[in-house]
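The residues making up each chain are set out below.
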Amino acid sequence: MSILLAVSGWDPAPWRRRLTSLLPSHKMATLDELFDRPSVRYALSWRHPPGALADLPNLQAIFSLGAGVDHLFADPALPDRPIVRVVDPDLTERMSEWVVMHALAHLRQLRRYERQQRERIWADDDDQPKAAEVQVGVLGLGVLGTDAALKLGALGFKVAGWSASEKSLPGVACFHGSGGLKRLLSMTDMLVVLLPLTDATRGLIDASLLSQLRRGGRLGGPILINAGRGGLQVEADILAALDSGRLKGASLDVFEREPLPTASRLWTHPAVYVSPHNAAVSTPEAVAAFVARQIEAHERGEPLTNLVDRRRGY
Ligand code: NDP
Ligand code: OXD
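Residues numbered from 1 in each chain as written. Chains lettered and ligands numbered in written order. Predicted model: local features only at pLDDT ≥ 70, side-chain atom pairs only at ≥ 80, totals over all residues. Heavy atoms only, no water.

1. A word on the environment of Glu 302
So, step 1. By secondary structure assignment, the location of Glu 302 is in the segment after α9 (284-299).
So, step 2. For Glu 302, the side chain forms a polar contact with the side chain of Arg 300, separated by 2.9 Å. (Helix = DSSP H or I, 4+ residues; strand = E, 2+ residues; numbered from the N terminus. Polar contact = N/O pair within 3.5 Å; in protein donor to acceptor, adjacent residues only side chain to side chain.)

Spelled out as structure tokens, the structure:
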């Protein structure tokens, strides 16, 4: 046995099948099986139960099966071993598809035309803005934010972005730090959030942040698009901003509590799109191949890549 598949909320079977075909010499176990703890060399986790990775004396690396790693840091008994997170074009492309779809849905008033079709109303809008008249602000210019920013730019949107460290991206106005955030928000019509959830970003999307978004843009009010993490947002503040008209619309893939409780008003708010945390799914096909490549490289003595910085939390 060398690989522990420590997932909850996901069916481990397709992961196991794919990993077995890619790494036939490695034995594998899931958390509900009996296994010999000293034989585990690699733990592959998606939301493993706290403590499940403790007491694995020969553990060499922990792999997050998603791009986000906040689920790992939620475990107070997480062993102090290198953490590798997913960086794979399959996941990146899926995320950009979702972001672009929602940016266009808000730009082209998809909700309105769906309603009109249901009600058999033939009515055009008098004033249809185009992408080039809309300023998008992307919070998080990492792997996912960069790809989304570039794709939105290719569609004609004006794009700016914000990160912790200084960056330079073709066609994207780059801001960083708290001063940079204020400047970006004040020019933003459509805010796309692709930040990790850390101590520094928790609750960032609150009433104060939403109140700093530009008023008077071509969309008739700011739009929020969040596929980062639910813990980044204060849902009561988002609903209040939508109700007051301070926010024109929102697309949310992630929530403070998941699954989104059935009682949440976000489900039925006419200006909100809800999706079930599937903007960019980790597929066994792509992600197991990524993990297998890393394990093979590690066993050849090569360094692990896409390592998480524990101090920063991402
Ligand atoms: P990266 O680590 O590549 O990028 C994170 C970005 O956020 C970086 O640009 C980083 O800045 C910036 N950042 C982090 N903390 C701060 C801060 N305090 N202030 C300003 N900027 C900050 O992550 P990915 O792009 O791969 O993924 C982003 C997140 O997307 C994941 O953590 C996960 O939560 C979410 N996700 C959601 C999915 C879904 O289906 N909904 C699927 C996959 C991921 P810098 O570059 O300077 O370090
Ligand atoms: C991820 C996710 O982090 O699916 O990859 O949210």
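Don't stop here, the text continues.
2. Some details on the sheet that holds strand β3 (residues 42-46)
So, step 1. Strand order in the open sheet formed by 5 strands is β2-β1-β3-β4-β5, and the pairing between neighbours is parallel. Every interior strand has two partners, whereas the edge strands, β2 (28-30) and β5 (83-84), have only one.
So, step 2. Two strands pair when backbone bridges link them, and strand β1 (residues 3-7) and β2 are joined in this way by 3 bridges, in the parallel orientation. Counted as the bridge partner of Ile 3 is Met 28 from β2.
So, step 3. Across the sheet, helix α1 (residues 12-22) is in contact with β1, β2 and β3; its angle to β2 comes to roughly 175°.
So, step 4. α9 rests against β1, β3, β4 (61-64) and β5 of the sheet, and its axis sits at about 160° to β3. (Pairing = 2+ DSSP bridges. Contact = heavy atoms within 4.5 Å. Axes fitted to C-alpha atoms, helices over the stretch in contact; angles between N-to-C directions.)

3. A few points about the sheet that holds strand β11 (residues 249-252)
So, step 1. Taken in spatial order, the 7 strands make up an open sheet running β8-β7-β6-β9-β10-β11-β12, and their pairing is parallel. What marks the edges here is a single partner per strand, and that holds for β8 (172-176) and β12 (272-274). Each strand axis lies, on average, 15° off the axis of its neighbour in the sheet, ignoring direction.
So, step 2. The sheet contact formed by strand β6 (residues 135-139) and strand β7 (residues 158-163) spans 5 bridges and is parallel. Residue pairing across strands places Leu 139 opposite Trp 162, the latter belonging to β7.
So, step 3. Relative to the sheet, helix α6 (residues 177-187) contacts β6, β7, β8 and β9 (190-193), its axis offset from that of β7 by approximately 155°.

4. Here's the deal with α1
So, step 1. Where α1 is concerned, the buried positions are Trp 15, Arg 18 and Leu 19. Taken around the axis of α1, the buried residues stretch over an arc of 95°, which confines them to a single face. Structural note: α1 exposes Arg 17 and Ser 21 on the side pointing more than 90 degrees away from its buried face.
So, step 2. Buried positions along α1 lie against β1, β2, β3 and α9.
So, step 3. Capping of α1 at its N-terminal end is provided by Asp 11; its side-chain oxygen lies 3.0 Å from the backbone amide nitrogen of Ala 13. (Buried < 20%, exposed > 50% of the residue type's maximum accessible area, 1.4 Å probe, protein only. Arc of directions from axis to C-beta.)

5. Brief notes about the domain arrangement of the protein
So, step 1. What the domain assignment lists for the protein is domain 1 (2-86 + 282-299) and domain 2 (89-274).
So, step 2. Distance from the C-alpha centre of domain 1 to the C-alpha centre of domain 2: 33 Å.
So, step 3. With 10 residues of domain 1 in contact, the opposing surface of domain 2 contributes 7 residues.
So, step 4. Regarding the contact of domain 1 and domain 2, the summed buried area is about 630 Å², with carbon and sulfur atoms giving 55% of it.
So, step 5. In this assembly, domain 1 and domain 2 are joined by 1 residue pair in polar contact (both at pLDDT 80 or more).
So, step 6. Here the residues of the side of domain 1 that touches domain 2 sort into 4 nonpolar, 3 polar and 3 charged. (Domains from an automatic or database assignment. Buried area = accessible area lost by both parts, 1.4 Å probe. Nonpolar A, V, L, I, M, F, W, Y, C, P; charged D, E, K, R; others polar.)

6. So, helix α8 (residues 235-244)
So, step 1. Those residues of α8 lying buried are Glu 235, Ile 238, Leu 239, Ala 241 and Leu 242. The arc enclosing the buried residues of α8, seen along the axis, measures out at 160°, which places them on a common side. Among the exposed residues of α8, those pointing more than 90 degrees away from its buried face are Ala 236 and Ser 244.

7. Some thoughts on the site of ligand 1
So, step 1. What surrounds ligand 1 is a group of 30 residues, the closest being Arg 85, Ser 165, Lys 167, Asp 253 and Tyr 314.
So, step 2. Within the side chain of Arg 229, one N or O atom sits 3.3 Å away from an oxygen atom of ligand 1.
So, step 3. For ligand 1, a nitrogen atom lies 2.8 Å from a polar atom in the side chain of Asp 253.
So, step 4. Relative to its free-state accessible area of 940 Å², ligand 1 is covered by the protein chains to the extent of 92%.
So, step 5. Looking at the shell around ligand 1, the elements that each hand over two or more residues are α3 (89-107), α5 (143-154) and β7.
So, step 6. Here the residues of the shell around ligand 1 sort into 17 nonpolar, 8 polar and 5 charged.
So, step 7. Each of domain 1 (2-86 + 282-299) and domain 2 (89-274) gives at least three residues to the shell around ligand 1. (Near = heavy atom within 4 Å. Areas by Shrake-Rupley, 256 points an atom, 1.4 Å probe, with all protein chains shown as cover.)

8. Observations concerning the packing of α3 against α5
So, step 1. For the pair α3 and α5, the least separation of the axes is 9 Å and the interaxial angle reads 45°. By the angle between their axes, α3 is oblique relative to α5. Viewed along their axes, α3 and α5 form a crossing whose handedness is right-handed. Of α5, the residues touching α3 (which contributes Leu 91, Thr 92, Glu 93, Met 95, Ser 96, Val 99, Val 100 and Ala 103) are Val 143, Leu 144, Asp 147, Ala 148, Lys 151 and Leu 152. (Parallel < 35°, antiparallel > 145°, perpendicular 65-115°, else oblique. Left-handed = near helix turned anticlockwise from the far one by under 90°.)

9. Some remarks on the packing of α1 against α9
So, step 1. Across the interface, α1 lies against α9 with an axial gap of 9 Å and an inter-helix angle of 40°. When the axes of α1 and α9 are compared, the pair comes out oblique. In this structure, the crossing between α1 and α9 has a hand that is right-handed. Along the contact surface, α1 presents Pro 14, Trp 15, Arg 18, Leu 19 and Leu 22, while α9 presents Pro 284, Glu 285, Val 287, Ala 288, Ala 289, Ala 292 and Glu 296.
So, step 2. For the contact of α1 with α9, a count of residues per class yields 9 nonpolar, no polar and 3 charged.

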